[in-house]
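# Structural features, examined
Read off the chains here:
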Amino acid sequence: MGARIFIIEDVSEIANLIAMYLSKAGMDALSFGTAEDALEKLKSDAAPDLVILDLNLPGMSGFEFLKKFRAEYKTTIPVVIVSARDADEDIIKTLGFGADEFVTKPFSPRVLVARVQANLRRQAATEAAAEETISFGPYTLLLNSCVLKEGAQKIALSAKEYAVLEYLVKHAGETLSPEKIYADVWKAQYGDITAVAVYIQRLRKKIEKDPSNPEFIKTVFGLGYCFSKESIASKQGAKKDA
């Protein structure tokens, strides 16, 4: 599967044109007419490899989306702004909020695809050079990228699924109550604790051969959950301090 690209653009003709050229280049393009729709998708699905973002959107603006995206999701996912706004102040503002590139409308779709590919190559090279990993069974967690892989294949996880899995893996061998998991992962002392069981069930369906008899995420009756410490590889890739 090719790189997964979010296109956040309220003009459907432009979004469809970009998606068509990205698809021809072997990428998987998902279009959203509003920033709110894209954020809703992020709650239940895996993060994209790159975002193409318009600034003048109905409802939440591109500026607001970029700030929220950088604050709540992986900060290194490339964001390419495609906008008719070409004032220096707008360009400086988006770059300050964490955009990687600014493309002014009208634009060449072929040139935009080339810029997307260049950003993806740079991102892959950066992550490969500094990636911290934890392996268990046939899986590897890429901690900098917030990605789970089985061999070379990415396993689709939502942002919250990944957060729960990383938390369990980093606390392998410890028995963790649902309250503890909820407080540390959801960053809230009070809330719907049943959400923990829901996400555990989702993860088991994705990583366990037999979810009813789990090898990795085990239930400790009456106490909570424990990730199998024995499944963690003894040597982990880690970024060294200078």
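Criteria and cut-off values
Residues numbered from 1 in each chain as written. Predicted model: local features only at pLDDT ≥ 70, side-chain atom pairs only at ≥ 80, totals over all residues. Heavy atoms only, no water. Pairing = 2+ DSSP bridges. Helix = DSSP H or I, 4+ residues; strand = E, 2+ residues; numbered from the N terminus. Axes fitted to C-alpha atoms, helices over the stretch in contact; angles between N-to-C directions. Parallel < 35°, antiparallel > 145°, perpendicular 65-115°, else oblique. Left-handed = near helix turned anticlockwise from the far one by under 90°. Contact = heavy atoms within 4.5 Å. Nonpolar A, V, L, I, M, F, W, Y, C, P; charged D, E, K, R; others polar. Salt bridge = Lys/Arg side-chain N within 4 Å of Asp/Glu carboxyl O. Buried < 20%, exposed > 50% of the residue type's maximum accessible area, 1.4 Å probe, protein only.

### Here's the deal with the sheet that holds strand S6 (residues 133-136)
Spatially, S6-S7-S8-S9 is the arrangement adopted by the four strands of the open sheet, whose pairing is antiparallel. In the strand order of this sheet, the two ends are held by S6 and strand S9 (153-155), each with one partner. Across the sheet, the mean angle separating the axes of adjacent strands is 30 degrees when strand polarity is ignored. By the bridge criterion, four bridges tie S6 to strand S7 (residues 139-142) in an arrangement that is antiparallel. Across the sheet, residue serine 135 finds its bridge partner in S7, namely threonine 140.

### Quick look at the packing of helix H3 (residues 62-72) against helix H4 (residues 88-97)
Geometrically, a packed helix pair is captured by the angle between its two axes and the distance between the axes. At their nearest, the axes of H3 and H4 sit 9 Å apart, and the two run at 15 degrees to each other. In terms of orientation, H3 and H4 fall into the roughly parallel class. Crossing hand, H3 versus H4: left-handed. Taking contact as the criterion, the partners of Phe63, Leu66, Lys67 and Arg70 in H3 are, on H4, Asp90, Lys93, Thr94 and Phe97. For the contact of H3 with H4, the class distribution of residues is three nonpolar, one polar and four charged.

### Side note on the pattern of salt bridges
Counted under the stated rule, the structure contains eleven salt bridges. Residue glutamate 166 pairs with lysine 170 through a salt bridge whose shortest N-O separation is 3.1 Å. Of this pair, glutamate 166 and lysine 170 are both found in helix H6 (residues 159-170), four residues apart, which corresponds to roughly one turn of the helix. The exposure class of lysine 170 is partly exposed, given its relative accessible area of 48%. Residue aspartate 184 is joined to lysine 180 by a salt bridge in which the shortest nitrogen-to-oxygen separation is 3.0 Å. With aspartate 184 and lysine 180 both in helix H7 (residues 178-185) and four residues apart, the pair spans about one turn of that helix. Classification of aspartate 184 as partly exposed rests on a relative accessible area of 26%. Assessed through its relative accessible area of 40%, lysine 180 is described here as partly exposed. Each of Glu9, Asp54 and Lys105 takes part in a single network of salt bridges with overlapping partners.

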